[in-house]
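Residue strings, one per chain:
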Amino acid sequence: MDLRLKSRLSKIKTLIFDVDGVFTDATIIVTDTEVLRTFNVRDGYALQMCIKAGYKTAVISGGKQESIRTRLGGLGVPEIHLCVSTDGKPQVLDDLMEKWQLEEEEVLYIGDDIPDLLLMQNRKIFKACPADAEPEVLAEADYVCQKNGGAGAVREVIELVMKTQNTWLKQF
C-alpha cells in the first residue's frame, strides 16, 4: 500500500455507507407487498467488528423500506437515514459531521451510483466504491474495491481501514 493511501486511511474514524449497490448487488425483488434485497453476511460481520472497535457508522440511502433499518440497525449501525434524495445526501453528511464533530479527513464514504456523486465531489472525505460502480463514481473514488457491491465490497473497505489502523481482529 502506498504511503499516501496509508496516511489517509490512518485518519478514518467514521464509515458511512450507501445501501443499494454497496451492501447489495443493486438488485431488488418487487412483489405486490414488499421490496426485497440480499445482504452479504460477511459484510455484516465486518460491520459489527468495526462498530465494536469504536468506529462511528452511518447509512445514507434513498431506499425507503424499513427492512433496511431492521438489517443494519440489528448489526449496530446507530445512524440510518432513509428516503434521502440525491441532493439531500450532502446535507445529511454535513449534519453527521457536525453532530460527531468530525473533520472531512476522518470520514470514509462508500457509494456506487450517480446519487452518491454530489456527496463525494469537492470534499476531502475518503471516497470508496465497489468494483462494479458506475464509471463516474469509479473516476471520483480514492479507492476502488476489488469486490462488487453485495459481494464483499463493504467488508473489503472495513478491513482496509481496520488493518491500516491495526484494529482488525482485535475485537470479537
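Source: prediction; values computed, not measured.

Peer 1: Where do I start with the overall build of the protein in this structure?
Peer 2: Counting its regular elements, the protein contains seven helices and eight strands. On the principal axes, the C-alpha backbone points of the protein span a range of 50 × 35 × 30 Å. Put simply, the protein has 172 residues, and 49% of those count as buried. For the protein, contacts bridging at least 24 residues in sequence account for 55% of all contacts bridging at least 6. Summed over all atoms, the accessible surface of the protein reaches about 8600 Å², with 48% contributed by carbon and sulfur. If you average the places of the 21 positive and of the 27 negative side-chain charges in the protein, the two averages end up 9 Å apart.

Peer 1: I keep staring at helix 4 (residues 89-99) and nothing clicks. Help me out?
Peer 2: Of all the residues in helix 4, the buried ones are Lys89, Pro90, Val92, Leu93, Leu96 and Met97. An end-on view of helix 4 places all buried positions within 160° of arc, on one side of the element. For helix 4, exposure combined with an orientation more than 90 degrees from the buried face picks out Glu98 and Lys99. In this structure, the buried side of helix 4 is in contact with strand 1 (14-17), strand 4 (56-60), strand 5 (79-81), strand 6 (107-110) and helix 5 (114-120).

Peer 1: Please clarify how the sheet that holds strand 5 should be interpreted in this entry.
Peer 2: Think of a sheet as strands paired side by side through backbone hydrogen bonds, with each pair either parallel or antiparallel. Here six strands make up an open sheet; going across it, the order is 5-4-1-6-7-8 and the pairing parallel. Pairing within the sheet leaves two strands with one partner each, and these edge strands are strand 5 and strand 8 (143-144). Bridge analysis of strand 6 against strand 7 (residues 126-129) gives three bridges, and the strand direction is parallel. For Ile110, the partnering residue across the bridge sits in strand 7 and is Ala128.

Peer 1: What exactly am I supposed to notice about unusual backbone geometry here?
Peer 2: Trans peptide bonds make up the majority, and among non-glycine residues the majority have a negative phi. With phi around 75°, Ala26 is a residue other than glycine that occupies positive phi space. Within the secondary structure, Ala26 is located in the loop between strand 1 and strand 2 (29-30).

Peer 1: Would you mind showing me how to read the nonpolar core here?
Peer 2: Soluble globular proteins tend to bury their nonpolar side chains together. If you look at the biggest cluster of nonpolar residues, it comprises 35 residues, and the most contacted ones within it are Leu15, Phe17, Phe23, Leu72, Leu108 and Ile158. For this core, the elements supplying multiple residues, two or more each, are helix 1 (3-9), strand 1, helix 2 (41-52), helix 3 (66-74), strand 6, strand 7 and helix 7 (153-164). By residue number, the principal contributor to this core is helix 7, which donates seven residues. Discounting chain neighbours no more than four positions away, the residues touching Leu15 are Cys50, Tyr55, Lys56, Thr57, Ala58, Leu108, Ile158 and Val161. Counting residues in hydrophobic clusters, the runner-up holds 20 residues, among them Ile60, Leu102, Cys129 and Ala133.

Cut-off values and rules
The written sequence of each chain sets the order in which its residues are numbered from 1. At least 70 in pLDDT is required for a residue's local features to be given in this predicted model, at least 80 for side-chain atom pairs to be given and counted, and no such filter applies to totals for whole chains, interfaces and linings, which use all residues. Computation of side-chain values: all heavy atoms of the structure, hydrogens and water removed. Helix and strand labels come from DSSP, where a helix needs a run of H or I of at least four residues and a strand needs a run of E of at least two; each type is numbered from the N terminus. Buried means the residue's accessible area, taken with a 1.4 Å probe over protein chains only, is under 20% of the maximum for its type, while exposed means over 50%, and partly exposed covers the values in between. The contact rule is simple, with two residues in contact once any of their heavy atoms fall within 4.5 Å. Every accessible area reported is derived by Shrake-Rupley at a probe size of 1.4 Å, with residue values counting cover from the shown protein chains alone. By the counting rule applied here, Lys and Arg register as positive and Asp and Glu as negative, while His and the ends of each chain are not counted. Taken as the charge location is NZ of Lys, CZ of Arg, CG of Asp or CD of Glu. Here the arc refers to the directions that run from the helix axis out to each C-beta atom. In this analysis, strands are considered paired if DSSP registers two or more bridges between them. In plain words, nonpolar cores are sets of buried Ala, Val, Leu, Ile, Met, Phe, Trp, Tyr and Cys residues tied together by side-chain atoms within 4.5 Å.

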